[in-house]
Amino acid sequence: MTLLRISDLKTQFPTPDGIVRAVDTIDLSIGERETLGLIGETGCGKTVLGLTLMRLLQSSTKTEGTIIYKGTNLLKISEAEMRRIRGEEIAMILQNPTTSLNPVMRVGGQIAEAIRLHQGLSKRDAKEKAIEMLDAVRIPSPSIRVNEYPHEFSGGMKQRVMIAMGLACNPSLIIADEPTKGLDVTIKSQIMKLLKEVTEERAMLIITHDLGVARELCDRIALMYAGELVEYATTGEIFEDPLHPYTRGFLGSLPSNGLVPIPGMSPSLINLPDGCRFHPRCGHATELCRRKHPDMIEIEDGHFVRCFHA
Amino acid sequence: MHQISKLAYYFVIVLIILSINFSLPRAMPGDALSYLTDPGADIPVRMTEEKREILLAYYGLDKPLSEQYITYMVGIIRGDLGWSIYYSAPVLEVILGRLKWTLILVGTSTAIYITLGILLGATSAWARGRKRDMGLLISIISISSFPSFFLGILLAIIFGIKLDIFPISGAQTAFATYSSPLEEIFDILHHLVLPAATLVLSHIGGTYFLMRNSMLGVLGEDYIMTARAKGLSERYILHKHALTNALLPIVTMTAMTVGFMIMGTIFVETVFAYPGIGNLLYNAVSYNDYPLLQGIFLFLTIAIVGANFIADMIYIRLDPRVNHE
Ligand SMILES: Nc1ncnc2c1ncn2[C@@H]1O[C@H](COP(=O)(O)OP(=O)(O)OP(=O)(O)O)[C@@H](O)[C@H]1O
Ligand code: SF4
Ligand SMILES: [Mg+2]
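Predicted, not measured: the structure shown is a model, and the values here were computed from it.

(A) Spotlight on the interface of chain A and chain B. The interface of chain A with chain B comprises 25 residues on the first partner and 21 residues on the second. Carbon and sulfur atoms make up 63% of the area that chain A and chain B hide from each other, which totals about 2000 Å². Linking chain A to chain B there are one salt bridge. Across the salt bridge formed by B:Lys230 and A:Glu113, the nearest N and O atoms sit 2.6 Å from each other. Where chain A touches chain B, the interface holds eleven residue pairs in polar contact (both at pLDDT 80 or more).

(B) Structural context of the nonpolar core. Counting residues in hydrophobic clusters, the biggest one holds 100 residues, and the most contacted among them are A:Leu28, A:Ile111 and A:Ile163. Other than its neighbours up to four places away in sequence, A:Ile111 contacts A:Ala130, A:Met133, A:Leu134, A:Val161, A:Ala164, A:Met165 and A:Ala168. Among the nonpolar cores identified, the runner-up in size contains 35 residues, and B:Leu105, B:Ala125, B:Leu216 and B:Phe272 belong to it.

(C) Looking closely at the packing of helix α5 (residues 91-126) of chain B against helix α11 (residues 258-271) of chain B. Residue and element names in this part refer to chain B. Closest axis-to-axis distance for the α5/α11 pair is 11 Å, and the angle between their directions is 120°. If you check the angle between α5 and α11, you find them oblique. Two packed elements cross with a definite hand, and for α5 against α11 that hand is right-handed. Across the interface between the two elements, Thr102, Leu105, Val106, Ser109, Thr110 and Tyr113 of α5 pack against Met261, Thr265 and Glu269 of α11. Class assignment for the residues of the contact of α5 with α11 results in four nonpolar, four polar and one charged.

(D) Representation of the sheet that holds strand β12 (residues 303-305) of chain A. Residue and element names in this part refer to chain A. Strands sit in the order β6-β7-β8-β3-β9-β10-β12-β11 across an open sheet of eight strands; the sheet is mixed. Whereas interior strands pair on both sides, the edge strands pair on one side only; in this sheet they are β6 (90-93) and β11 (297-300). Pairwise comparison of adjacent strand axes, ignoring direction, gives a mean angle of 20° for this sheet. Bridge count between strand β3 (residues 35-39) and strand β9 (residues 220-225): four bridges; the pairing is parallel. When the bridges of β9 are listed, Leu36 appears paired with Arg220. Contacts from helix α1 (residues 46-54) reach β3, β6, β7 (173-177), β8 (203-208) and β9 within the one sheet, and its direction differs from that of β6 by about 150°.

(E) Inspection of the domain arrangement of chain A at higher detail. Residues and elements named next belong to chain A. Looking at the assigned domains, one finds that chain A contains domain 1 (2-89 + 172-305) and domain 2 (100-170). Distance between the C-alpha centres of domain 1 and domain 2: 29 Å. Each partner contributes to the interface: domain 1 provides 18 residues, whereas domain 2 provides 13 residues. Where domain 1 abuts domain 2, roughly 1200 Å² becomes buried across the two surfaces, and 55% of that area is made up of carbon and sulfur atoms. At the junction of domain 1 with domain 2, the criterion picks out one salt bridge. One salt bridge connects Arg138 with Glu197, and the closest N-O pair in it is separated by 2.9 Å.

(F) Inspection of the coordination of the magnesium ion (ligand 3) at higher detail. Protein coordination at the magnesium ion (ligand 3) comes from A:Thr47 (OG1) and A:Gln95 (OE1), with a distance range of 1.8 to 2.3 Å. With a gap of 48 residues between them, A:Thr47 in helix α1 and A:Gln95 in the loop between β6 and α3 (97-100) connect regions that are remote in the sequence.

(G) Local environment of the packing of aromatic side chains. Residue and element names in this part refer to chain A. Counted by the stated rule, this structure contains 15 aromatic pairs over all chains. Centre to centre, the rings of Tyr225 and Phe278 are 5.0 Å apart; their planes meet at 85°, and the pair counts as edge-to-face. In this pair, Tyr225 is assigned in strand β9 and Phe278 in the loop between α11 (245-252) and α12 (287-291), connecting sequence segments 53 residues apart. For the pair formed by Tyr225 and Phe278, the shared burial category is buried. Pairwise contacts between aromatic rings join Tyr225, Tyr246, Phe250 and Phe278 into one cluster. Over the aromatic face of Phe153 sits the side chain of Arg145, whose NZ or CZ is 4.2 Å from the ring centroid. Geometry around Phe239 places Arg215 over its ring, the cationic atom sitting 4.2 Å from the centre.

(H) Examining the site of ligand 1 more closely. Residues and elements named next belong to chain A. Taken together, 16 residues sit near ligand 1, with Thr42, Gly43, Lys46, Thr47 and Val48 positioned nearest. Measuring from an oxygen atom of ligand 1, one finds a backbone N or O atom of Gly45 at 3.1 Å. Residue Gln58 places a side-chain N or O atom 3.0 Å away from a nitrogen atom belonging to ligand 1. Calculation on ligand 1 without its partners gives an accessible area of 630 Å², and the protein chains cover 69% of this total. Looking at the shell around ligand 1, the elements with two or more residues in it are β2 (18-31) and α1. In terms of residues, the shell around ligand 1 owes the most to one element, α1, which gives three residues.

(I) Here's a closer look at the sheet that holds strand β4 (residues 62-69) of chain A. Residues and elements named next belong to chain A. In space, the four strands of this open sheet follow the order β2-β1-β4-β5, with antiparallel pairing throughout. Among the strands making up the open sheet, the edge pair consists of β2 and β5 (72-73). The pairing of strand β1 (residues 2-15) with β2 spans ten bridges and is antiparallel. Note on β2: the bridge partner recorded for Arg5 is Ser29.

(J) Spatial organisation of the pattern of salt bridges. All names here are of chain A. In the structure shown here, the tally under the stated rule is 18 salt bridges over all chains. Taking the shortest distance from any N to any O, the salt bridge between Lys10 and Glu64 comes out at 4.0 Å. A residue pair is termed long-range when its members are at least 10 positions apart, and Lys10 in strand β1 and Glu64 in strand β4 qualify at 54 residues. Look at Lys10 and you get partly exposed, because its relative accessible area is 25%.

Rules behind the numbers
Residues numbered from 1 in each chain as written. Chains lettered and ligands numbered in written order. Predicted model: local features only at pLDDT ≥ 70, side-chain atom pairs only at ≥ 80, totals over all residues. Heavy atoms only, no water. Contact = heavy atoms within 4.5 Å. Buried area = accessible area lost by both parts, 1.4 Å probe. Salt bridge = Lys/Arg side-chain N within 4 Å of Asp/Glu carboxyl O. Polar contact = N/O pair within 3.5 Å; in protein donor to acceptor, adjacent residues only side chain to side chain. Core = buried A, V, L, I, M, F, W, Y, C linked by side-chain atoms within 4.5 Å. Buried < 20%, exposed > 50% of the residue type's maximum accessible area, 1.4 Å probe, protein only. Axes fitted to C-alpha atoms, helices over the stretch in contact; angles between N-to-C directions. Helix = DSSP H or I, 4+ residues; strand = E, 2+ residues; numbered from the N terminus. Parallel < 35°, antiparallel > 145°, perpendicular 65-115°, else oblique. Left-handed = near helix turned anticlockwise from the far one by under 90°. Nonpolar A, V, L, I, M, F, W, Y, C, P; charged D, E, K, R; others polar. Pairing = 2+ DSSP bridges. Domains from an automatic or database assignment. Donors = N, O, S within 2.8 Å, 3.2 Å for Na, K, Ca; no water. Phe/Tyr/Trp six-rings, centres within 6.5 Å; stacked < 30°, edge-to-face > 60°. Lys NZ or Arg CZ within 6 Å of the ring centre and 35° of its normal. Near = heavy atom within 4 Å. Areas by Shrake-Rupley, 256 points an atom, 1.4 Å probe, with all protein chains shown as cover.

Encoded structure:
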């Protein structure tokens, strides 16, 4: 069963320098209990895609396309209806837990407020629930820590709090933006273990730079380049049989594969190159690639790629 | 623990201020009476050396400094700030007689300008770039461009003389007899309106701009996005998440501007002949009443230190991080 289907999604920011095409004609779907990984270099539009799904971007942003969640187009409902979806149906764990927690509010209060709002629990019951959530993300002595402030938590513990906040209302879909960024190896593997459990009971969209994280947690992986998807397949296919030169380059930049970076830089989203957006950095580029923009094609069953020469 | 060390810190500061107050006049060349025996000085009274010695002894100025210091400190603890030459009364008595009025004036206007500044600043930030924001911004910039004494005179002319709805002089009607305490309170408030309004108008800009900026900054923070991602309403987010964070710089700034407030009070009390400390300070300067001047400075510095202490305490309550650093 498909939980979320995104079609033709475009997100654009009008700026004085021109239009930033941060998300450009993206099609994606996430099944119930499926975990999808969204991977790409910095600035390619991953976070913007997540925020677009939550409708959290400023009002000057232009959004087109459809986001069908459980049969409803999220781009068509009212703001009040959208607020009921946020936190309760779809939760988003923002990137960077240190700045994403309110420094002057107790951690318990920050977890409990969503519970009180969506489930109408009393203050006391919501606090009990917050303690349960802290316990569920393995924070030791949760009934003490519930009264503490974010600065009293370490980086890994803050990430656990963020996850607890996301889980609080038991949403059907969680969007996790860079959930392992900046954590040292041991903490990272603990957080991954926790996320693994989280993925078992619900759908997840995991945004990451880290192919290792994606391989461990995701059923399918979508690679994003300069605002659009370039390859989309099961995790197995992506690692066994990567078809897009960008994907291969990305895999080649893994430490286990010799850390060879992709040459060049990703283009500005205001001034996109003609033809294939990857062509200035692609070793296989031909005249065709420079002139024409390739479509996403289904090369094998469920394996999509945007390249003329794949 | 933290609060106790803060208290000690402020105690030391007050001690230092008192010591400066003690040593400044003594650091000057000569002594308090030497100008009276100087044959070159252009003064009507002249004093013999013997007379001077007697007087110095009378005031304890012939004693060693350490002994004078102790006498001075004991005097302050007992409330002895010296004798005002112009008012011919103990300095403490003169100051306390005026203090009530200044407290009423500064207290009400500070409460009003801070509250209004915070509310308007938050409103402006919330409506950023829209009509309401622009309207507030332009009005407050215009008001803030007037110096406070000019604003005072303007208000006095418009509301006191032309429209004649508020008194422009004093804190109470002179020689009035009141039939009830309520009537007296009303009379006091009636006299308070113009001076307080002047102070509010000349200080609101600082708080408003700071609050607007601070709020704009906070609204762009990641934790505000987190709050939105939970489905919380904008109103709730403003009250529960944004306000406390945005208030932190206001608390610090308000304490730091108490000095400016006191300066504004001197102008305003002079314009409206309001019988407070500012007006007293003006008189003390005009009549070279040094003991009184010294007493007033002591009060003002203690007021500034006190304001900082209060701000510190509020900050600790608002921001859990400072307790642990
Ligand atoms: N509000 C905005 N207004 C204008 N441009 C924006 C806005 N938000 C993001 N962008 C631009 O959109 C592009 C995509 O940003 P996004 O944050 O989605 O990148 P990302 O893939 O999440 O990168 P990272 O891995 O570094 O988090 C960037 O070029 C960014 O500068
Ligand atoms: S279309 Fe051409 S330029 Fe683009 S990735 Fe494929 S080979 Fe490279
Ligand atoms: Mg991002």
